[in-house]
Amino acid sequence: MRCVVFGATGYLGGRLVPELLTAGHSVRAVARTPGKLAEVPWRDEAEIVRGDIADADSVRSAVDGQDVVHYLVHSMHQRDFASLDRQGARTVAEVAKAAGVSRIVYLGGITPDGDQLSEHLASRAEVGRILLGSGVPTAVLRAAIILGSGSASFEMLRYLTERLPAMVTPRWVHNRIQPIAVRDVLHYLVHAVALPPEVNREFDIGGPDVLTYLEMMRRYAEVAGLPRRLVVPVRVLTPWLSAQWVNLVTPVPRSIAVPLIESLVHEVVCHEHDITRYIADPPATHFERAIELALARVRNADVPTRWSDATTPGAPSDPMPTDPEWAGGSLYEDVRELPADADPETLWQVIESIGGEQGWYSFPLAWSARGWIDRLAGGVGLRRGRRDRRRLRPGEALDWWRVEKLERPRLLRLRAEMRLPGRAWLELTVTPGPGGGSVYRQRAIFEPHGLAGHLYWKSVVPFHAIVFGGMARNITGAARQR
């Protein structure tokens, strides 16, 4: 089959594409920023195209000539995500019908009967209804928590359990949940392309275990070799308060924690298992096995996609303005250049391994404090870390930065996704030294927005010598030691 995947840079889309290719299908991967897919392992096997569900013309080009549409786009990071998802679903539905697509496959969430749904679950259900009413045979697969390395649900469970040996929890930790391993979700997404044309309906998919969130935390602790966690439920903890706590303790920012927790307020258990009429179940992946597989990938730095692959809300998406006039005013810069007593390749290895557990080579307390300030403001902070300890990919998250440009072994440009009154970049470059060795150049760029932006830059300038100066010295020193 000829399959087009919307959301190919996301957590599930980035894993679905290689699975479809392995199954023998041809794949067209759609991304608003195709450069994010420049270094994925399957880039030479799939067709990568630019597309945005908000742009009907680009959707039309992406769908043209395709048999199956996999729709894996969610806008829950945005304030008006319900409106954005509604319009995107309508656009894809209309275009798919006009193009003669034979099937749409969509992944939504399990919705409880009789309860008033959270805005997040209600939006997912609405998207499913729009696609089912498109006139194109549609399979809406509905899942609860997805367990896999890099998923937001797994990261929330992991960090809450590992960092808090004792905790007070809201009542919803006693609600029943039917989690499913990401490998099993991919199994159903791949095989759904071959459903009979008369099938146009929703299917609940889940793993073999039904657990409360409390049981999930305790079982996670057992698998991870941690002491039993002490949990005390407290009735006054609302979903909103819970999300603030998750924002502080885990890498999952408030914008994602809120819809995740609002979904957990309900019991999310499969109502039916009719999918087996058409698709055989994969070998059962029990909860403990799913956690073991996810932790093994984390330990081996073999996490192919992460929740943070999706762009953070409020983050600037435009490339760095190189022309101050075009940017609407002057750009502030802090430029440092030092010779390094190391060859360019060694210096580059230090640069590409920056961030995450390695840190930022200067004044850790200042970086940590700025990260906490960002978390308190609802930003991403420093906890997103990095996917791999040694290699980066264009478009991936790196702490509070995103890799905007990567020209190995010469240039690394990072775009800030922290809360700022403006836009910021950090550019690290390597050139051969005139008499041997190499030259390290570091450039911090800030484009202020309004008076607050100018005042912000002037207020932090006194610290640049410590933070940026120390960073340049320590990076070149680390390269020398290597």
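Residues numbered from 1 in each chain as written. Predicted model: local features only at pLDDT ≥ 70, side-chain atom pairs only at ≥ 80, totals over all residues. Heavy atoms only, no water.

Considering the overall build of the protein chain
Threshold: Numbering of helices and strands runs from the N terminus, with a helix taken as a DSSP run of H or I at least four residues long and a strand as a DSSP run of E at least two residues long. Put simply, the radius of gyration uses C-alpha atoms, and a globule should come to 2.2 Å times the residue count raised to 0.38. With a 1.4 Å probe rolled over the protein chains alone, any residue whose accessible area is under 20% of its type maximum counts as buried; one over 50% counts as exposed, and the rest are partly exposed. Contacts are assigned to residue pairs with any non-hydrogen atoms lying within 4.5 Å of each other. Shrake-Rupley sampling with a 1.4 Å probe provides the accessible areas, and residues are treated as covered by the protein chains on show and by no other component. Asp and Glu count as negative and Lys and Arg as positive, but His and the ends of the chain are not part of the count. The atom standing in for a charge is NZ when the residue is Lys, CZ when it is Arg, CG when it is Asp and CD when it is Glu.
For the protein chain, the count of helices and strands is 13 helices and 19 strands. Relative to the globule expectation of 23 Å for 482 residues, the C-alpha radius of gyration of the protein chain, 23 Å, shows essentially globular dimensions. The principal-axis extent of the C-alpha atoms belonging to the protein chain is close to 70 × 55 × 45 Å. Burial analysis of the protein chain (482 residues in total) assigns 58% to the buried set. Within the protein chain, contacts between residues at least 6 apart in sequence are counted, and of these 74% link residues at least 24 apart. About 20,600 Å² of surface is accessible on the protein chain, with carbon and sulfur atoms providing 52% of the total. For the protein chain, the distance from the average position of its 58 positive side-chain charges to the average position of its 55 negative side-chain charges is 4 Å.

Looking at the sheet that holds strand 11 (residues 201-204)
Think of a sheet as strands paired side by side through backbone hydrogen bonds, with each pair either parallel or antiparallel. What counts, and what does not: Two strands make a pair as long as DSSP finds a minimum of two bridges between them. Every axis corresponds to a line fitted to the C-alpha atoms, with the helix fit spanning only the stretch in contact, and the corresponding angles, defined between N-to-C directions, vary from 0 to 180 degrees.
Taken together, 7 strands build an open sheet; the order of strands is 3-2-1-4-5-6-11 and the sheet is parallel. Two strands close off the open sheet at either side, each with one partner strand: strand 3 (47-50) and strand 11. For this sheet the average axis-to-axis angle between neighbouring strands, irrespective of direction, equals 20°. Bridge count for strand 4 (residues 68-71) against strand 5 (residues 103-109) is 4 bridges, and the pairing is parallel. Following the sheet pairing, Val68 is matched in strand 5 by Arg103. Contacts from helix 1 (residues 13-22) reach strand 1 (2-6), strand 2 (26-31) and strand 4, with the element oriented near 170° to strand 1. In the packing of helix 6 (residues 182-191) onto the sheet, the strands contacted are strand 4, strand 5 and strand 6 (138-143), and the crossing angle to strand 5 comes to about 155°.

Focus: the nonpolar core
For clarity, the cut-off: Throughout, nonpolar core names a set of buried Ala, Val, Leu, Ile, Met, Phe, Trp, Tyr and Cys residues whose side chains join them through atoms within 4.5 Å.
Ranked by internal contacts, the top residues of the largest apolar core, which has 39 residues, are Leu12, Val17, Leu107, Leu141 and Leu189. Elements with a minimum of two residues in this core: strand 1, helix 1, strand 2, strand 5, strand 6 and helix 6. If one sorts the elements of this core by residue count, helix 6 sits on top with 6 residues. Among residues more than four places away in sequence, those in contact with Leu107 are Leu12, Tyr71, Leu72, His74, Arg124, Leu141, Ala143, Ile146, Val185, Leu189 and Ile205. Ranked by size, the runner-up nonpolar core spans 38 residues in total, among them Met167, Trp172, Cys270 and Ala290.

Here's the deal with the environment of Trp400
Relative to the assigned elements, Trp400 resides in the loop between strand 15 (397-398) and strand 16 (401-407). By relative accessible area, Trp400 is classed as buried at 3%. As a C-alpha pair, Trp400 and Ser118 span 282 residues in sequence and 28 Å in three-dimensional space. With residues near it in sequence (within four places) discarded, Trp400 still touches Trp367, Arg370, Gly371, Val380, Gly381, Leu382, Arg384, Arg415, Ala416, Glu417 and Met418.

A word on the side chain of Arg124
So the rule is basically this: Salt bridges are defined as contacts in which a side-chain nitrogen from Lys or Arg sits within 4 Å of a carboxyl oxygen from Asp or Glu.
Within the secondary structure layout, Arg124 lies in helix 4 (residues 119-132). Lacking a salt bridge, the buried Arg124 has Asp85 as its closest oppositely charged neighbour, with an N-O distance of 6.6 Å.

Let's talk about the pattern of salt bridges
Should their charged atoms come close, side chains of opposite charge can pair. All told, the structure shown has 30 salt bridges when counted by the stated rule. A salt bridge links Arg391 to Glu39; the shortest N-O distance between them is 3.9 Å. Residue Arg391 is located in the loop between helix 12 (364-376) and strand 15, and its partner Glu39 is located in the loop between strand 2 and strand 3; the two are separated by 352 residues in the primary sequence. A salt bridge links Arg443 to Glu333; the nearest nitrogen and oxygen atoms lie 2.4 Å apart. Residue Arg443 is found in strand 19 (residues 438-448), and its partner Glu333 is found in strand 14 (residues 332-340); the two are separated by 110 residues along the sequence. On the basis of relative accessible area, Arg443 is assigned to the buried category, the value being 17%.

Remarks on helix 3 (residues 81-99)
Note the cut-off: Working rule for helices: expected span equals 1.5 Å times residues minus one.
Spanning 19 residues, helix 3 covers 26 Å between terminal C-alpha atoms, matching the ideal 27 Å at 1.5 Å per step. Buried within helix 3 we find Phe81, Ala82, Asp85, Gly88, Ala89, Thr91, Val92, Ala93, Val95 and Ala96. Of the surrounding secondary structure, the elements contacted by the buried residues of helix 3 are helix 2 (56-63), strand 4, strand 5 and helix 4. Positive phi shows up at Gly100, right after helix 3, with a value of about 75°.

A short note on the sheet that holds strand 19
In space, the 6 strands of this open sheet follow the order 14-19-18-17-16-15, with antiparallel pairing throughout. Edge strands, defined here as strands with exactly one partner in the open sheet, are strand 14 and strand 15. Sheet analysis places strand 14 next to strand 19, joined by 9 bridges and oriented antiparallel. Paired with Arg336 across the two strands is Gln442, which belongs to strand 19. Against the sheet, helix 11 (residues 344-352) engages strand 14, strand 16, strand 17 (411-416), strand 18 (422-432) and strand 19, with an angle of about 155° to strand 18.

Section: a nonpolar patch on the surface
What counts is decided by this rule: Every patch collects residues that have over 30% relative accessible area and no salt bridge, joining them within 9 Å if they carry like charges and within 5 Å if they are nonpolar side chains (Val, Leu, Ile, Met, Phe, Trp, Tyr).
Together, Val168, Leu230 and Val232 make up an exposed nonpolar region whose accessible area comes to about 260 Å². Mapped onto the secondary structure, Val168 falls in strand 8 (residues 166-169).

As for the packing of aromatic side chains
The criterion, for reference: Here a Phe, Tyr or Trp ring, Trp counted by its six-membered ring, pairs with any other such ring whose centre lies within 6.5 Å, and the pair is stacked when the planes are under 30 degrees apart, edge-to-face when over 60, and tilted otherwise.
Scanning the model with the defined rule gives 10 aromatic pairs in all. Considering the side-chain rings of Trp360 and Trp401, the 6.2 Å spacing of their centres and the 45° angle between planes classify their relative orientation as tilted. Of the two residues, Trp360 sits in the loop between helix 11 and helix 12 while Trp401 sits in strand 16, which places them 41 residues apart along the sequence. We classify Trp360 as buried; its relative accessible area is 5%.

Some points on unusual backbone geometry
Residue Pro409 is reached from Arg408 by a cis peptide bond, and omega for that bond is 0°. Assignment of secondary structure puts Pro409 in the loop between strand 16 and strand 17. Phi is positive for Tyr361, which is not a glycine, with a value near 65°. With respect to the element layout, Tyr361 can be found in the loop between helix 11 and helix 12. For Phe363, which is not glycine, the phi dihedral falls at a positive 40°. The exposure class assigned to Phe363 is partly exposed, which follows from its relative accessible area of 36%.

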